[in-house]
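# Structural description and commentary
The chain contents come next:
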Amino acid sequence: MVGKRRVVLSLLLRAGVQLVRASGPAILCCTIVALSYAAEPSSAATAESSKMVFPDGAATPSEVCGVCHKATYKEFTQGTGADLHWGAMKLVPSSTALMELDKKSSPSATAHHIAGSDPWPIQARGFERAPNECNVCHFPEAFSYPDAAVAKIERPALRAANRESGITCASCHVTPEGKIRGPYVVDAPHETVVDPRIQTSVACAYCHSDGTRIVGKQTQTFLEWRDDFKNAGLGQQQCQDCHMPKTVRKLAEDFPVPDRVVSRHTWPGGHSFQRLASALSLAITQSKEGASRLTFHVTNIGAGHSVPTGSNRRAVYLTAEVLSAKGDIVASNDWMFAPWMLGRPDDKKHVEEDLKGPNPIATSQADMQGPHATIIRAGEDRVLDWIPSLPAGEYAVRATLTYDLNRYNDRAFKGDQFEIGKATLGIKVSAGSDVVAEERASPQ
Ligand code: HEC
Ligand code: HEC
Ligand code: HEC
Ligand code: HEC
Ligand code: HEC
């Protein structure tokens, strides 16, 4: 009798999954799956043979998991509990049309959820000679975690099926053996394996680092965290502590399970003003009274890695302006902090050779903007000096920090920028200051 019920239960569960596949997150199937489980929770939990399996591995649509893990699914697909925002994106200065997420996606979706449908990376990859080299992180196969101390982070394997779904729940949770990894010992309708490493940074390492550590290069986030932050003793936080804020609730709403500590599946990063605004602090000082020598401090106080981290496309600009007593801008200066595309500084002199390589567009557009300032490492206080040429008088110095998601479209396009820092300082410059003349003659 019990055995028969288990079979029925398992059929119902599988039917639920099929239904979801065919029709998206239908209410009907949620009810079937949830009720059939709730009717006999203990037998479902003990019968290994009746457990749900996920033969499609990382290609399993996230809707399948969302049937039972409702709040997590809502965070994942709609960014509830965060301030994510995906606006229209301009690809390059000459673009006439802007790229927007498809109508099915919420403009506050998480980056992982839309990794297979976000039109920007799709277009960017389309230009390259070896687009599959890009694709591996945007929709990979199920993987085992790398060793936390490994010198080189290998790339994950490229997934063939259901690429449109991008990074699915299964991408991070299904092991190569087909079980679900998680932090708790639970009774679930699918097989689970407790792996405490899911609460550590190695869970993110594969897609958020590429190759060996090269200071200044793009796609180094995990290595930056490990070498500059954790091992340097700057802090104990894992990626999850800053990018998956915690709350207490049931993991699966319709099941007789206790409340547990859960991590919000929102991953605020470059598309979250709150996350960006906490990264850097900005201060201005006048090194010597009466002299026009100004010093700007851009300090990484909030990120467990370099800022900006990740893709070479990101940049932070520091803009400094000196205003006269009347409010006119009498001098200005500008710095760009950005990750290098390759393992050397971006530099205009490499553009010709880039155009013959495997990623001609990605590499040449980066080199065309070089040389530029390097990214600000975890804990670093970057000190920038500037000696504007100013007649004696009183001035206001104004500085702003701007984060740009895509440094390769024009600066005038503000749709992908966030102002993340601001500072002002009143200064007095005295007439005939020797210091000024001397310093201007030999700038550092
Ligand atoms: C039929 C309902 C159902 C479906 C479908 C489902 N789960 Fe679960 N899952 C549960 C229940 C119930 C638990 C146990 C919750 C508890 O005890 O707090 C659970 C637990 C988990 C856990 C925690 C495991 C641990 O060891 O900490 C993870 C992670 C998880 N599920 C992920 C997934 C993923 C990913 C999918 C889709 C591939 C999925 N689930 C599909 C019901 C479901
Ligand atoms: C399977 C590969 C993969 C894994 C594992 C992964 N990520 Fe990501 N992550 C990506 C990709 C790809 C994107 C960018 C998707 C896009 O914008 O198209 C991304 C985007 C992000 C962003 C948002 C960036 C933005 O532009 O807003 C954050 C934050 C982030 N990931 C943090 C994490 C953390 C923390 C972990 C570990 C718990 C993790 N990721 C695990 C591949 C992955
Ligand atoms: C980018 C990787 C990634 C994706 C995608 C992802 N998860 Fe998770 N998930 C994690 C990590 C990391 C943890 C552990 C967080 C912690 O406790 O530090 C986790 C934890 C969980 C847990 C256990 C409770 C908790 O929060 O610790 C459940 C249940 C879960 N995830 C379900 C899902 C479901 C359902 C989806 C899809 C809607 C999903 N996950 C998508 C990385 C991911
Ligand atoms: C102490 C808090 C903290 C820790 C720990 C931390 N981050 Fe971040 N992260 C931030 C802040 C602040 C930002 C915004 C500034 C920036 O983009 O660099 C950010 C930004 C990001 C972005 C956005 C990049 C983009 O291009 O949009 C990604 C991806 C990311 N972090 C991944 C990770 C991963 C992976 C880890 C662990 C290896 C991690 N973070 C550890 C605070 C943290
Ligand atoms: C090692 C993994 C990896 C590889 C390889 C990779 N990416 Fe990404 N990509 C990411 C991650 C992670 C992000 C999320 C933001 C970040 O970390 O800065 C991202 C973000 C992006 C974005 C910005 C998306 C947005 O909406 O903000 C674009 C565009 C992009 N990648 C294009 C490419 C192209 C083109 C290539 C190949 C030349 C490539 N990627 C190769 C991991 C990778």
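Below is a short write-up of the structure. These figures come from a predicted structure and were not determined experimentally.

Conventions adopted
Residues numbered from 1 in each chain as written. Chains lettered and ligands numbered in written order. Predicted model: local features only at pLDDT ≥ 70, side-chain atom pairs only at ≥ 80, totals over all residues. Near = placed C-beta within 6 Å. Helix = DSSP H or I, 4+ residues; strand = E, 2+ residues; numbered from the N terminus. Pairing = 2+ DSSP bridges. Axes fitted to C-alpha atoms, helices over the stretch in contact; angles between N-to-C directions. Nonpolar A, V, L, I, M, F, W, Y, C, P; charged D, E, K, R; others polar. Domains from an automatic or database assignment. Core = buried A, V, L, I, M, F, W, Y, C linked by C-beta atoms within 7 Å. Buried ≥ 20, exposed ≤ 12 C-beta atoms within 10 Å, placed from the backbone. Contact = placed C-beta atoms within 7 Å.

## Notes on the site of ligand 2
- In the vicinity of ligand 2, 23 residues are found, and the nearest of them are Ala-111, Cys-204, Cys-207, Gly-269 and Gly-270.
- Those elements that place two or more of their residues in the shell around ligand 2 are helix H7 (131-138), helix H8 (169-173), helix H9 (202-205) and helix H11 (239-243).
- Sorting elements by how many residues they give to the shell around ligand 2 places H11 first, with three residues.

## Some words on the sheet that holds strand S11 (residues 417-429)
- Taking strand neighbours across the sheet as the criterion, the four strands line up as S8-S7-S10-S11 in an open arrangement whose pairing is antiparallel. If you trace the sheet from one side to the other, it starts and ends with strand S8 (329-337) and S11, each paired once. Along the sheet, successive strands turn relative to each other by an average axial angle of 15 degrees, direction set aside.
- Sheet analysis places strand S10 (residues 393-404) next to S11, joined by 12 bridges and oriented antiparallel. Each residue of the ladder has a partner; that of Gly-393, found in S11, is Val-429.

## Side note on the sheet that holds strand S6 (residues 294-300)
- In spatial order, the strands read S5-S6-S9; together these three strands make up an open sheet with antiparallel pairing. Each edge of the open sheet carries a strand with a single partner, namely strand S5 (280-286) and strand S9 (381-386). Between one strand axis and the next, the sheet turns through 20 degrees on average, direction left out of account.

## A look at the site of ligand 4
- Taken together, 28 residues lie around ligand 4, and Cys-239, Cys-242, Gly-269, Gly-270 and Gly-304 are the ones closest in.
- Of all elements in the fold, only helix H10 (221-230), H11 and helix H12 (273-277) reach the threshold of two or more residues within the shell around ligand 4.
- In terms of residue count, the dominant contributor to the shell around ligand 4 is H11 (four residues).
- Class assignment of the residues belonging to the shell around ligand 4 gives a composition of 10 nonpolar, 15 polar and three charged.
- Shared between two domains, the shell around ligand 4 holds at least three residues of each, these being domain 2 (53-263) and domain 3 (273-339 + 375-441).

## Description of the nonpolar core
- Within the largest apolar cluster, 40 residues are counted, with the highest numbers of intra-cluster contacts made by Val-307, Val-316, Leu-318 and Val-397.
- Listing elements by their share of this core, those giving two or more residues are H9, H10, S6, strand S7 (315-323), S10 and S11.
- With six residues, the single largest contributor to this core is S7.
- Each of domain 2 (53-263) and domain 3 (273-339 + 375-441) accounts for three or more of the residues forming this core.

## Points about the environment of Glu-191
- Along the chain, the position of Glu-191 falls in the loop between strand S1 (180-182) and strand S2 (192-194).
- Considered as a pair, Glu-191 and Val-174 are 17 residues apart in the sequence and their alpha carbons are 10.0 Å apart.
- With near-sequence residues (within four places) excluded, Glu-191 lies in contact with Lys-51, Lys-179 and Ile-180.

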